[in-house]
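Chains, contacts and geometry: an overview
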Amino acid sequence: PRVLASLGRLFLESGDHENAHAIFLRLLEMDPSNDEALEGSIRASVGAGHRDQARELVEAGLAAYPDSPRMHLIAARCYLMMGNDFRAMDLLRRGLELAEQDEAQADQAYEFEGEDDGSLNREASHEEILLAAARAFGRQRTETTPLKGTSTIRDELEAEMGSVRARNSEQVGAGLNLRYRHGVAGLGQLVEFSVPISVGLALGTAGVLSLTAEAVAIDSGELAVANPDEGAYFGQVGTVDPSDDNPPWSQSHKGVALGLAYSYRGWWVRIGSTPLGFPLQTVVGGLGWNEKFGDVSVAVSGSRRLIRDSLVSMGGAVDPVTVETWGQVTGNGGRLDVSFEHGPMLYYGFGGFDWLHGTHVVTNRMGQGGAGLRWGFHERSTWTFKTGLSLGIMGYAQNQRYYTWGHGGYFSPQFFFNGSIPLVIEGDNDRMYAKMEADVGINYFREDEVPYYPLDSTMQEMRGVKIDAEGEPLAVMYEDQGSIGLAVNFRGRLAYHINPQLVIGAEARAHYAHS
């Protein structure tokens with residue numbers, strides 16, 4: 001049995017839940033009172049996706065040992081693995097009550113005449129013998145623990161309860177974010193500064209309600225409207241002849257975005273606003289669910305989110321000619337993610353779609369999909385090293401990358417492909433946690449030609465009759481184009497636990513792609 005138990009633990013720790021499940025079930029057949037076999041079979045059942053069987057084992061164990069603190073701990077851990085904190089807390093409370101009762105009765109367990117070592121005298125009745133055996137068995141189950149050290153069953157129960165309470169406790173968070181996007185000033189350039197503040201309110205073990213407020217400021221720089229090589233690519237400037245006396249057109253927005261979210265087990269729902277104070281505002285939010293079935297994980301979500309590529313797409317822009325506002329694009333759609341984990345390998349795939357809408361902006365459609373793998377090729381102490389392969393494609397019905405009237409100001413190629421090789425290093429050291437992700441690959445994209453003013457034929461005609469300094473008609477179409485080049489992404493995260501309730505951290509991201 002000891003060899004089988006060791007083998008079962010090895011399979012369980014390596015993620016081979018099916019073999020671990022078979023071994024622990026065999027151990028249970030040999031010894032139904034084996035705590036380790038019961039807990040191992042339950043954990044393996046959950047890990048292998050056999051949740052109904054795990055529940056049957058738990059309920060059978062509780063029925064067989066209704067007064068066992070250890071059985072209640074095992075059952076609670078099973079429900080924690082399945083995400084049911086409410087049921088787990090009930091079991092942990094009951095287990096703690098039983099453990100306290102056992103401690104109170106411990107000194108009276110062997111009150112029989114005879115030697116002080118607990119042996120029974122020869123005149124003990126059958127009833128006394130059975131009572132002593134039952135108490136000895138209960139005491140053994142109370143004191144036996146699979147964890148290292150000298151902790152008791154009460155310590156384990158209290159530790160699990162503390163973990164559940166911490167996960168469902170009130171939380172307060174705050175941060176400072178700075179983002180810079182390179183581009184032509186007044187067009188694609190963007191500087192964003194934000195200060196998010198969040199408060200999470202625990203609803204017992206029935207989920208967490210989160211309130212967020214994020215102060216946001218964005219700036220696109222000054223646009224030289226009198227320069228035909230720049231001003232003509234913004235708003236309706238290309239339909240008029242700006243004077244050289246026209247000052248640069250500068251735009252910046254400030255506002256506060258509000259949000260409300262609720263999460264429970266694998267479900268989450270969010271609703272909020274784009275920054276109030278921007279030229280345009282709208283409602284954003286989403287609904288999602290994620291679950292793990294053995295080695296397979298599934299996540300499904302639907303959302304309405306802000307497209308944050310530029311000032312035009314993010315907050316809306318004001319036209320220098322008419323002082324009218326256009327832009328602020330939202331993506332409205334869904335996504336499915338599926339992954340399969342086996343040993344050091346993780347295989348994943350995803351797919352999604354979006355309908356994109358904005359104020360006086362061409363309505364668009366987008367589809368995406370991809371697949372990849374991650375391979376944990378090295379472990380050292382508490383650090384892991386992973387690499388793999390990532391492939392993705394994406395396509396939009398309309399090219400909306402520009403900033404003239406009717407365009408959304410976001411990257412929207414008709415075909416896009418990315419292939420990259422990632423490197424992930426993750427680990428912790430005492431209170432410090434660090435993670436670094438970098439990937440290098442290639443991007444290829446193709447964009448169709450598109451009118452300067454896709455929603456206004458009159459403006460197209462107005463621009464079409466204009467001529468440049470050499471007497472040639474001005475272009476009324478953005479040319480089609482394609483590109484292939486290097487793509488590099490980096491993301492680093494660092495966190496330090498000052499104490500169990502307070503964490504500080506920093507995160508940095510960088511992206512480069514040939515355009």
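The angle between the axes and the distance between the axes are what describe a pair of packed helices. Two elements in contact, helix α3 (residues 35-47) and helix α4 (residues 51-64), have axes whose closest approach is 7 Å; the angle formed by their N-to-C orientations is 155 degrees. In terms of their interaxial angle, α3 and α4 are classed as roughly antiparallel. Pair α3 / α4 crosses with left-handed handedness. The segment α3 lies against α4, with Leu38, Ser41, Ile42, Ser45 and Val46 engaging Arg51, Gln53, Ala54, Leu57 and Val58. Residues that form the contact of α3 with α4 fall into these classes: six nonpolar, three polar and one charged.

Attention shifts here to the environment of valine 338. With respect to the helices and strands, the residue valine 338 is situated in strand β11 (residues 325-342). Taking the relative accessible area as the measure of exposure, valine 338 reaches 37% and is therefore partly exposed. Expressed as a C-alpha distance, the spacing of valine 338 and serine 390, which sit 52 residues apart in the sequence, is 14 Å. Other than its neighbours up to four places away in sequence, valine 338 contacts Val296, Ser297, Tyr347, Tyr348 and Gly349.

On to the pattern of salt bridges. One pass over the full model with this rule turns up 21 salt bridges. A salt bridge links arginine 305 to aspartate 354; the nearest nitrogen and oxygen atoms lie 2.7 Å apart. Taken as a pair, arginine 305 in strand β9 (residues 296-306) and aspartate 354 in strand β12 (residues 345-359) lie far apart in primary sequence, 49 residues in all. Since its relative accessible area comes to 5%, aspartate 354 is described here as buried. As a salt-bridge pair, glutamate 437 and lysine 435 come within 3.8 Å of each other at their nearest N and O atoms. Judged by relative accessible area, glutamate 437 falls into the partly exposed class, the value being 21%. One connected set of salt bridges, linked through shared partners, spans Glu39, Arg70, Arg77, Glu156 and Glu160.

With that settled, the discussion passes to the side chain of threonine 387. Positionally, threonine 387 belongs in strand β14 (residues 383-396). Within the structure, the side chain of threonine 387 is placed 2.7 Å from the backbone oxygen of proline 422, a separation counted as a polar contact. Those residues within four positions of threonine 387 in sequence are excluded, and the remaining contacts are Leu373, Arg374, Trp375, Phe377, Ile421 and Pro422.

Confidence in the prediction of the chain, expressed as mean pLDDT, is 86, and 91% of residues score 70 or more. Residue range residues 110-150 is modelled with pLDDT below 50. Its contacts to residues more than four positions away, or to other chains, number 37 contacts.

Attention shifts here to the pairing of β12. When β11 meets β12, the two strands line up antiparallel, connected through 14 bridges. Pairing of glycine 333 across the sheet is with aspartate 354, part of β12. What sits between β11 and β12 in their antiparallel hairpin is a turn of two residues, with glycine 343 showing a positive phi close to 60 degrees. Alignment of β12 against strand β13 (residues 364-380), held across 12 bridges, turns out to be antiparallel. The residue of β13 that forms the bridge with glycine 349 is alanine 371. Two successive antiparallel strands, β12 and β13, enclose a turn made up of four residues, where histidine 360 displays a positive phi of approximately 50 degrees.

Moving on, we get to the packing of aromatic side chains. One pass over the structure, following the stated rule, counts 17 aromatic pairs. With 5.1 Å between their ring centres and 80 degrees between their planes, phenylalanine 353 and tryptophan 355 make a pair best called edge-to-face. One aromatic cluster in this structure is built from Tyr233, Tyr402, Tyr452, Tyr453 and Tyr478. The ring of tryptophan 268 has arginine 270 lying over it, and the distance from NZ or CZ to the ring centre is 4.2 Å.

On to the packing of α3 against helix α5 (residues 69-81). Interhelical geometry of α3 versus α5 gives an angle of 10 degrees and a closest axis separation of 10 Å. When the axes of α3 and α5 are compared, the pair comes out roughly parallel. Residue-level contacts link Asp35, Leu38, Glu39, Ile42, Arg43 and Val46 of α3 to Arg70, Met71, Ile74, Arg77, Cys78 and Met81 of α5. Split by residue class, the contact of α3 with α5 holds seven nonpolar, no polar and five charged.

Our next topic: the pairing of β13. For β13 and β14, the ladder comprises 14 bridges, and the chain directions are antiparallel. Looking at β14, one finds that glycine 367 is bridged to glycine 395. If you look at the hairpin formed by β13 and β14, you'll find two residues sitting between the two strands, and serine 381 has a positive phi there, around 55 degrees.

Taking 1.5 Å per residue as the helical rise, α5 with its 13 residues ought to reach 18 Å, and the 19 Å between its terminal C-alpha atoms agrees with that figure. When α5 is considered as a whole, its buried residues turn out to be Pro69, Arg70, Met71, His72, Leu73, Ile74, Ala75, Ala76, Arg77, Cys78, Tyr79 and Leu80. Once α5 finishes, glycine 83 follows within two positions and takes phi at roughly 85 degrees, a positive value.

Thresholds, definitions, all that
Residues numbered from 1 in each chain as written. Predicted model: local features only at pLDDT ≥ 70, side-chain atom pairs only at ≥ 80, totals over all residues. Heavy atoms only, no water. Axes fitted to C-alpha atoms, helices over the stretch in contact; angles between N-to-C directions. Helix = DSSP H or I, 4+ residues; strand = E, 2+ residues; numbered from the N terminus. Parallel < 35°, antiparallel > 145°, perpendicular 65-115°, else oblique. Left-handed = near helix turned anticlockwise from the far one by under 90°. Contact = heavy atoms within 4.5 Å. Nonpolar A, V, L, I, M, F, W, Y, C, P; charged D, E, K, R; others polar. Buried < 20%, exposed > 50% of the residue type's maximum accessible area, 1.4 Å probe, protein only. Salt bridge = Lys/Arg side-chain N within 4 Å of Asp/Glu carboxyl O. Polar contact = N/O pair within 3.5 Å; in protein donor to acceptor, adjacent residues only side chain to side chain. pLDDT = per-residue confidence, 0-100. Pairing = 2+ DSSP bridges. Phe/Tyr/Trp six-rings, centres within 6.5 Å; stacked < 30°, edge-to-face > 60°. Lys NZ or Arg CZ within 6 Å of the ring centre and 35° of its normal. Expected span 1.5 Å × (residues − 1).

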